[in-house]
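# Structural features, examined
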Amino acid sequence: MKRTLSLGAAALAAGVLGGGCGGGEPPAGEGMAAEPAAPEPAPRVEAPDIDAALTNGAILLDVRTDEELAEHGTIDGFVHIPIDELEARMGELPAGVPILTA
């Protein structure tokens, strides 16, 4: 059963994915490979700012399991990629676009 929840319900776990992921080779030290720098933390989007983020091109990514979706419902327009599949399916997400997760 698919239910439509209010945007506010999805805002409980809203954040932005991306910002600083990937790109380039880390600098190498003398004779040793340097550890890659940790990505910059993505900025959080607070509930009152979600509508503006969506208006400005952000997409909604639901990373819950199929069972969680069946139990709690989802929002029309979400892209659904379960968290345990996310790394393998990152190529399905648009580059350079803010992604709000729930």
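For the structure itself, look to the data block above.
The structure reproduced in this document is the subject of the present report. (Residues numbered from 1 in each chain as written. Predicted model: local features only at pLDDT ≥ 70, side-chain atom pairs only at ≥ 80, totals over all residues. Heavy atoms only, no water.)

## Re the overall build of the protein
- Scanning the protein from N- to C-terminus turns up 4 helices and 4 strands.
- With 102 residues in all, the protein has 26% of them scored as buried.
- Here the analysis covers contacts within the protein between residues at least 6 apart in sequence; of these, 63% occur between residues at least 24 apart.
- By element, 57% of the accessible surface of the protein is carried by carbon and sulfur atoms, the whole surface being about 7,000 Å². (Helix = DSSP H or I, 4+ residues; strand = E, 2+ residues; numbered from the N terminus. Buried < 20%, exposed > 50% of the residue type's maximum accessible area, 1.4 Å probe, protein only. Contact = heavy atoms within 4.5 Å. Areas by Shrake-Rupley, 256 points an atom, 1.4 Å probe, with all protein chains shown as cover.)

## Examining the pattern of salt bridges
- This structure, assessed with the given rule, holds 3 salt bridges.
- A salt bridge links Arg-89 to Glu-92; the shortest N-O distance between them is 2.8 Å.
- When salt bridges with common partners are traced through the structure, they connect Glu-85, Arg-89 and Glu-92 into a single cluster. (Salt bridge = Lys/Arg side-chain N within 4 Å of Asp/Glu carboxyl O.)

## Digging into the nonpolar core
- With 8 residues, the main nonpolar core is built from Val-45, Ile-50, Ala-53, Ala-58, Leu-60, Ile-75, Phe-78 and Leu-100.
- Residues Ile-59, Val-63, Ile-81 and Leu-86 belong to the second largest nonpolar core, which totals 7 residues. (Core = buried A, V, L, I, M, F, W, Y, C linked by side-chain atoms within 4.5 Å.)

## Concerning the pairing of strand S2 (residues 59-62)
- Burial of S2 is two-sided: the residues Ile-59 and Leu-61 facing one way and the residues Leu-60 and Asp-62 facing the other way are all buried.
- Pairing geometry for S2 and strand S4 (residues 99-101), over 3 bridges, is parallel. Within the sheet, the bridge partner assigned to Ile-59 lies in S4 and is Ile-99.
- With 2 bridges joining them, S2 and strand S3 (residues 79-80) adopt parallel strand pairing. When the sheet's bridge partners are listed, Asp-62 is paired in S3 with His-80. (Pairing = 2+ DSSP bridges.)

## Some words on the side chain of Asp-62
- With respect to the helices and strands, the residue Asp-62 is situated in strand S2.
- A relative accessible area of 0% means that Asp-62 is categorised as buried.
- At 2.7 Å, the side chain of Asp-62 forms a polar contact with the side chain of Arg-64. (Polar contact = N/O pair within 3.5 Å; in protein donor to acceptor, adjacent residues only side chain to side chain.)

## Description of the environment of Phe-78
- One can find Phe-78 in the loop between helix H3 (66-72) and S3.
- Given the relative accessible area of 15%, Phe-78 is considered buried.
- The spatial distance from the C-alpha of Phe-78 to the C-alpha of Asp-62 is 6.1 Å, given a sequence separation of 16 residues.

## A closer look at a negative patch on the surface
- A contiguous patch of negative charge, built from Asp-66, Glu-67, Glu-68 and Glu-71, is present on the exposed surface.
- Position of Asp-66 relative to the elements: it lies in helix H3. (Patch = residues over 30% accessible without salt bridge, like charges linked within 9 Å, V, L, I, M, F, W, Y side chains within 5 Å. Lys, Arg positive; Asp, Glu negative; His and termini not counted. Charge placed at Lys NZ, Arg CZ, Asp CG, Glu CD.)

## Here's the deal with the side chain of Thr-74
- Looking at the element boundaries, Thr-74 is found in the loop between H3 and S3.
- Thr-74 sits in the buried class, given a relative accessible area of 13%.

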